[in-house]
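Read off the chains here:
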Amino acid sequence: MFAIRNFPRAYGWYVLGIAIAFVIWEAVAALLGNYRLPSFLLIAPEVFPLLVESRMLGFQGGGDDGYWPHLLHTIGYTVGASALGVFLGVSFALAVSRSRVLRAVTEVPIELLRTIPPLAAIPFILIWIGPGNPAQLMMVGYYVFVMMVVTTLNAAANINPVLPTFAATLGASRNRIFATVILPAMVPAIVGGLRVALGVAWGVQIVAELMGGKLGMGRVFSAMISFQALDAIIVGIIWVSLAAALVDFGLVLLMRRITRWAPKID
Amino acid sequence: MNIRNAITMAAIAAATAAAGAFQAAAEAPEIPQVKVRFAHFPYFDHTQSIIGLEQGWFDEVGITFDPEPHGIVVQASEASAVFASGRVDVMSASAQLFLPAAPTLPPLKVFHYADIFQGYAVMAQPDGGAKSFQEILGEGMTPDDAFKATMDQLRGKRFAFPTEAAIKGFIDLSIQKGGMTLEDVDAVGAPDDAANVALMQAGRADFQVGGVPSRMTLQIAGFKPILTSGDLAAYAGPSADSIELRAVFHDGWVASDEWINANYETVLRLTSVGFRINQFINDHADEAAAIHTPFLNSVAGTSFANEVAHVAYTSLDPFWTFDAQTGWIMDKDNPLNAEYVIGSAIKIYEEQGLFQEGEYSWDQFTLAHQVYNDLAKYKSDAETILADLEGSELSDDAAALRDKAMAFHAAFDFLDAYRFAKAAAGG
C-alpha cells in the first residue's frame, strides 16, 4: 500500500518525462510524415513480431529467425569484447602506473590511438583480419582497452598522496600499499570509466558488425537501410537500447557490491 | 461622345489590336530559369550530366543545378534516405534501387532513361584459377550447365558484396542460376564498394560483386570477371517473367511524382539535355570521356584514365540515343523494354513475399515512356511547323524565332522547338 501511495511522488516525474517524449515524437512524426519519422503507434505493433520474424532481413540473407539471434550476438560480443578490453586495459595501466618512465612512454601513443574514429579503423581491420567475429572482437576490445588504460592511469594519478604515504609510515611494503591502498582507492574511478567504456562499446560493436559479419544488429540495420524501413530500424534501436540498459543495470549492481565500502553520494 | 470621336477611338483600338497581334507573332517565348536540386552517384552511369553542365547545355534550357555548380554526390546506399529527406528534386538512379523502399517512400518515378546498366560481374582472385562462364561455355557445356559450373566455384568460399538494393537482383540471379542459395557461400555484406575492393586486394575475400568503379579497379589490377550481367542478360526474353532481366536495369533520372507534376516542362527540358548528352557520348566518345572521367575521379576517389570511360560507354553502361530508345519504350518484342525489365525486378519482391502479387506495377516506377512520347509528339509538331515555314517570307523576328526553333530541335529540346516554331509561324 505504501508503495502504491508513494508511486506518484516517487515515479511521477519519470512518467511525465516519458509522456512528454511520446507527445513530441508524435508531433514531429505528424510534421515530417511517416516516411521521415514513423508514428510510434505504427511501430509499437512491430516491436515483438520483428524479434522472431522479418522477411526483409531474410531477403538480405540475415536468416529467418528475426532479430533475436542478431541481438544475442551483439549482446554477447559487446559484453565479451568489453570484458576482454577491460581486463587487458586495466592490467596494462596498473603495470604502467607503477613506473614513471613506462607511463611517460605509453601515455601519448595511447591518447592518440584513442582518438581514431571507429569508421576510419574499418578498412585496416578488414585488411588485417578480414570481416567476421574476430574483427568485431578486436575492434570493440581495442576501444575499450584504450579507454580503460586512460581511465586507470588517471585514477592512479588522482589518488590522494597522503594515503600511500601514511601506509608507508606504518611500515607497509610497496606491493602491499599498491594492493591494499592504491588499488581500492582507484576502483570507484575505474568503475565510472567502465560504464562509459561499455556505453561506447555498444556503438563500436554495431559499427564493427557493418564490416560484414553473419550476425549482429549492425547487419540488421544495414539490411533495413536498403528498404528505408525506418520502423524496423527504430524497433532495432529499441531492442539494442533495452539490452544496453539491462547490461548497464547489471553492471551497476555488480559495482555497488564491489565498492560497497565506498561512501555513496545520492 | 460625337461620331468623330467614336471613329477616332475605334481606329486607335483597331491599330492597338493589330499591333498586339503583330507583336504576339514575333515575341520570343520565354524559357523559365529553374534551379534543380540534383544528386549524382559516384559512378560512370550516374555522372554523365557533368557533360551537359560543362557544355552549357543545361543553361541553354534555363536549368541550373543546385547547389551550384554540380549538385551533390551521394552514395547509392544512401539514395532512399536522401530522397526521403526531400533534399533533392532529381536524382540519377534507377527504379530498381528504390523498389524495396517503395512502401515507405513518397511516390517517385524515373522520367528519363540514360543507359542500360549491365556492368555487374562476379570477380575472382587473379591467382585463384577460377574459370569464367564464357570459358566454361567454350568447353562445350550447355548454358545452364555452364552457369552452374561457374557459380559452383563460389561454394563455401567468401563472397563479398554491398547490401545496396540495386545489386540484389544480380546476386540472387547468379546464385539461383548456380543452383545454390546464399547459405552455400560465406556471404559477406561489405559496407561499401571501397571496403569490397579492399577485401579482395587483401585476399580476405575470394569473390566479389560491386559497382562499375570497383569492377574496373579490380579488373585493371588483374582480377577476373567470371560471370557478368551481359552473360545472364544474353538469355533474357521479352517478358517480365524472364528472370535473366534481373541482371540489368535502366539508369536514369528520378523525381517524386509531386515534383514531376509541378515541373513537367522542366522534366521535358532536363530529358532533352539527357538525350543531347547521350548523342554526344555516342558521336564524340573521346571528348565526352575527357569531361566525364575527371569529374568521376574527383567524386569517386578513383584514378581512371579516359579510356576506361570507353569501356563503360561501349559495354558496361551503354548510353542509348533518342532514336535508339524506341526499343526500350515502344518495341514489345525487345527484351530490354522497360516494362519487362522493371516488371522482372518487381517479381523478386513478390516471390519473397515482400510485395503482394500485383501490388506494384512497372508503370508506378517510371514515366519515361510518357515523357519520351510527349517529346516525340513535340518533335513531330515542330517539324510540321518548320516544314510549313520553309520557303515562306518571314520577318526578321520570325526568322530568328525559326532559327532558334531549329537549334532547339537539333538539341533534342523538342518542347521549345515547338514553342519557338509556333511563335515564328505567328501562333
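Residues numbered from 1 in each chain as written. Chains lettered and ligands numbered in written order. Predicted model: local features only at pLDDT ≥ 70, side-chain atom pairs only at ≥ 80, totals over all residues.

**Considering the overall build of chain A**
Reasoning step 1: Counting secondary structure elements, chain A contains 12 helices and zero strands.
Reasoning step 2: Its helices and strands in sequence order give chain A the pattern α-α-α-α-α-α-α-α-α-α-α-α, from N to C terminus.
Reasoning step 3: Projected onto the principal axes, the alpha-carbon positions of chain A cover approximately 70 × 60 × 30 Å.
Reasoning step 4: Per-residue burial over chain A gives 33% buried out of 266 residues.
Reasoning step 5: Across chain A, the fraction of contacts at a sequence separation of at least 24, relative to all contacts at a separation of at least 6, is 73%. (Helix = DSSP H or I, 4+ residues; strand = E, 2+ residues; numbered from the N terminus. Buried ≥ 20, exposed ≤ 12 C-beta atoms within 10 Å, placed from the backbone. Contact = placed C-beta atoms within 7 Å.)

**Overview of the overall build of chain B**
Reasoning step 1: Of the regular secondary structure elements, chain B holds 20 helices and 11 strands.
Reasoning step 2: Each principal axis of the C-alpha atoms in chain B carries an extent, and together these give about 105 × 45 × 45 Å.
Reasoning step 3: Scored against the burial criterion, the 427 residues of chain B give a buried share of 51%.
Reasoning step 4: When contacts within chain B are restricted to residue pairs at least 6 apart in sequence, long-range pairs at least 24 apart make up 77% of them.

**Here we look at the interface of chain B and chain A**
Reasoning step 1: With 27 residues of chain B in contact, the opposing surface of chain A contributes 25 residues.
Reasoning step 2: When contributions to the side of chain B that touches chain A are tallied by element, the ones reaching two or more residues are helix H4 (79-85), strand S8 (186-190) and helix H9 (193-201) of chain B.
Reasoning step 3: Looking at the side of chain B that touches chain A element by element, the count peaks at four residues for S8(B).
Reasoning step 4: Of the residues assigned to the side of chain B that touches chain A, the class counts are 18 nonpolar, seven polar and two charged. (Nonpolar A, V, L, I, M, F, W, Y, C, P; charged D, E, K, R; others polar.)

**Observations concerning the packing of helix H5 (residues 68-97) of chain A against helix H11 (residues 217-226) of chain A**
Residues and elements named next belong to chain A.
Reasoning step 1: One can describe the packing of H5 onto H11 by two numbers: an axis separation of 7 Å at closest approach and a directional angle of 135 degrees. In terms of their interaxial angle, H5 and H11 are classed as oblique. The segment H5 lies against H11, with His 70, Leu 71 and Thr 74 engaging Met 217, Arg 219 and Val 220.
Reasoning step 2: Of the residues that constitute the contact of H5 with H11, the class distribution is three nonpolar, two polar and one charged. (Axes fitted to C-alpha atoms, helices over the stretch in contact; angles between N-to-C directions. Parallel < 35°, antiparallel > 145°, perpendicular 65-115°, else oblique.)

**Quick look at the pairing of strand S7 (residues 158-162) of chain B**
The two faces of a sheet get side chains in turn, since along a regular strand they alternate between them.
All names here are of chain B.
Reasoning step 1: Most of S7 sits inside the fold, with five of its five residues counted as buried.
Reasoning step 2: Burial along S7 is two-sided: Arg 158, Ala 160 and Pro 162 facing one way and Phe 159 and Phe 161 facing the other are all buried.
Reasoning step 3: Summarising the sheet, S7 and S8 pair through five bridges and their orientation is parallel. Each bridged residue has a counterpart across the sheet, and for Phe 159 the counterpart in S8 is Ala 187.
Reasoning step 4: Direction of pairing for S7 relative to strand S9 (residues 207-208): parallel, over a ladder of two bridges. Within S9, the position partnered with Phe 159 by the bridge is Phe 207. (Pairing = 2+ DSSP bridges.)

**Structural notes on the domain arrangement of chain B**
Residues and elements named next belong to chain B.
Reasoning step 1: Here chain B is described as being made up of domain 1 (34-117 + 250-366), domain 2 (121-245) and domain 3 (381-424).
Reasoning step 2: Measuring from the centre of the C-alpha atoms in domain 1 to the corresponding centre in domain 3 gives 30 Å.
Reasoning step 3: If you look at the interface, domain 1 gives 10 residues, while domain 3 gives six residues.
Reasoning step 4: Elements with a contribution of two residues or more to the side of domain 1 that touches domain 3: helix H3 (57-60) and helix H13 (264-283).
Reasoning step 5: In terms of residue count, the dominant contributor to the side of domain 1 that touches domain 3 is H13 (six residues).
Reasoning step 6: When the residues that make up the side of domain 1 that touches domain 3 are grouped by side-chain class, the tally is five nonpolar, one polar and four charged. (Domains from an automatic or database assignment.)

**So, the sheet that holds S7(B)**
Reasoning step 1: Within the open sheet, the five strands sit side by side as S8-S7-S9-S6-S10 (chain B). Their pairing is mixed. Here the strands that pair on one side only, and so sit at the sheet edges, are S8 and strand S10 (224-228) of chain B.

**Some words on the environment of B:Ser92**
Reasoning step 1: Its location among the elements puts B:Ser92 in strand S4 (residues 90-94).
Reasoning step 2: Dropping the residues within four chain positions of it, B:Ser92 is found in contact with B:Ala39, B:His40, B:Phe41, B:His46, B:Ser49, B:Asp251 and B:Trp253.

**Section: the pairing of strand S6 (residues 121-124) of chain B**
Residues and elements named next belong to chain B.
Reasoning step 1: In S6, alternate side chains face the same way, and those of Ala 121 and Met 123 on one face and Val 122 and Ala 124 on the other are all buried.
Reasoning step 2: Pairing analysis gives four bridges linking S6 to S10, with the strands arranged antiparallel. Within S10, the residue paired with Val 122 across the bridge is Leu 227.
Reasoning step 3: Looking at chain direction, S6 and S9 are connected through two bridges and run antiparallel. Of the residues in S9, the one forming a bridge with Met 123 is Gln 208.

**Some thoughts on the packing of H5(A) against helix H8 (residues 133-157) of chain A**
Reasoning step 1: Look at H5(A) against H8(A): their axes get within 6 Å of each other, and the N-to-C directions meet at 40 degrees. For H5(A) against H8(A), the interelement crossing comes out right-handed. (Left-handed = near helix turned anticlockwise from the far one by under 90°.)

**Overview of the confidence of the model for chain B**
Residue and element names in this part refer to chain B.
Reasoning step 1: Overall, the predicted model of chain B reaches an average pLDDT of 90, with 94% of residues at or above 70.
Reasoning step 2: Within chain B, helix H1 (residues 3-26) has the poorest average pLDDT of any element, 47, and H13 the best, 98.
Reasoning step 3: Here residues 11-25 is modelled with pLDDT under 50, and outside its nearest four sequence neighbours on either side it reaches two contacts, counting other chains as well. (pLDDT = per-residue confidence, 0-100.)

**A closer look at helix H7 (residues 143-152) of chain B**
Residue and element names in this part refer to chain B.
Reasoning step 1: Turning to H7, its buried residues number three or more, namely Ala 146, Phe 147, Thr 150 and Met 151. The buried residues of H7 all sit within an arc of 125 degrees when viewed along its axis, so they share a single face.
Reasoning step 2: Against helix H6 (133-138), helix H8 (168-177) and S10 lie the buried residues of H7. (Arc of directions from axis to C-beta.)

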